[in-house]
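So you can see what is in the structure, the chains are spelled out below.
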Amino acid sequence: MNKYYNVVVQVKNEDDKGKIKKSNEIYLVSAISCLDAETITTKMFVDEGSNLDFKITSVKETKILKVL
């Protein structure tokens, strides 16, 4: 049975002035385990083909039972 995980990803973006800005993005991932949620999130970033510098900082199981 799939559970829902909060995956926090730190993304580094370059602004108009050339400075590197860090921001946190939170994703809700339906997965079997924490490792599976991390794999799904990493695959999403790689498949997008974006050249963003990203790092997964945390994966936590949520208490969400179902998304309607």
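Just above sits the structure.
Residues numbered from 1 in each chain as written. Predicted model: local features only at pLDDT ≥ 70, side-chain atom pairs only at ≥ 80, totals over all residues. Heavy atoms only, no water.

A. Looking closely at the side chain of Thr41. Structurally, the position occupied by Thr41 is in helix H1 (residues 34-48). Setting aside its immediate chain neighbours within four residues, Thr41 contacts Val7, Val9, Val29 and Ile56. (Helix = DSSP H or I, 4+ residues; strand = E, 2+ residues; numbered from the N terminus. Contact = heavy atoms within 4.5 Å.)

B. Molecular detail of the side chain of Thr62. By secondary structure assignment, the location of Thr62 is in the segment after strand S3 (53-61). Within the structure, the side chain of Thr62 is placed 3.3 Å from the backbone nitrogen of Ile64, a separation counted as a polar contact. The contacts of Thr62, once residues within four sequence positions are left out, are Tyr4, Tyr5, Asn6 and Leu28. (Polar contact = N/O pair within 3.5 Å; in protein donor to acceptor, adjacent residues only side chain to side chain.)

C. Representation of the packing of aromatic side chains in the model. Applying the stated rule across the entire model yields two aromatic pairs. With a centroid separation of 5.9 Å and an interplanar angle of 85°, the aromatic rings of Tyr27 and Phe45 are classed as edge-to-face. Within this pair, whereas Tyr27 is found in strand S2 (residues 20-31), its partner Phe45 is found in helix H1, the two being separated by 18 residues in sequence. The partly exposed category is assigned to Tyr27, whose relative accessible area is 24%. Judged by centre distance (4.5 Å) and plane angle (15°), the rings of Phe45 and Phe54 are stacked. (Phe/Tyr/Trp six-rings, centres within 6.5 Å; stacked < 30°, edge-to-face > 60°. Buried < 20%, exposed > 50% of the residue type's maximum accessible area, 1.4 Å probe, protein only.)

D. Up close: the environment of Glu14. Locating Glu14 in the fold gives a position in strand S1 (residues 3-14). What makes Glu14 exposed here is its relative accessible area of 58%. Expressed as a C-alpha distance, the spacing of Glu14 and Val59, which sit 45 residues apart in the sequence, is 25 Å. The residues touching Glu14, leaving out its near neighbours within four places in the chain, are Lys19 and Ile20.

E. Representation of the pattern of salt bridges within the structure. As enumerated under the stated definition, the model contains three salt bridges in all. Between Lys3 and Glu61 there is a salt bridge, with the nearest N and O atoms lying 3.6 Å from each other. Residue Lys3 is located in strand S1, and its partner Glu61 is located in strand S3; the two are separated by 58 residues in the primary sequence. Its relative accessible area of 37% is what places Lys3 among the partly exposed residues. Assessed through its relative accessible area of 46%, Glu61 is described here as partly exposed. (Salt bridge = Lys/Arg side-chain N within 4 Å of Asp/Glu carboxyl O.)

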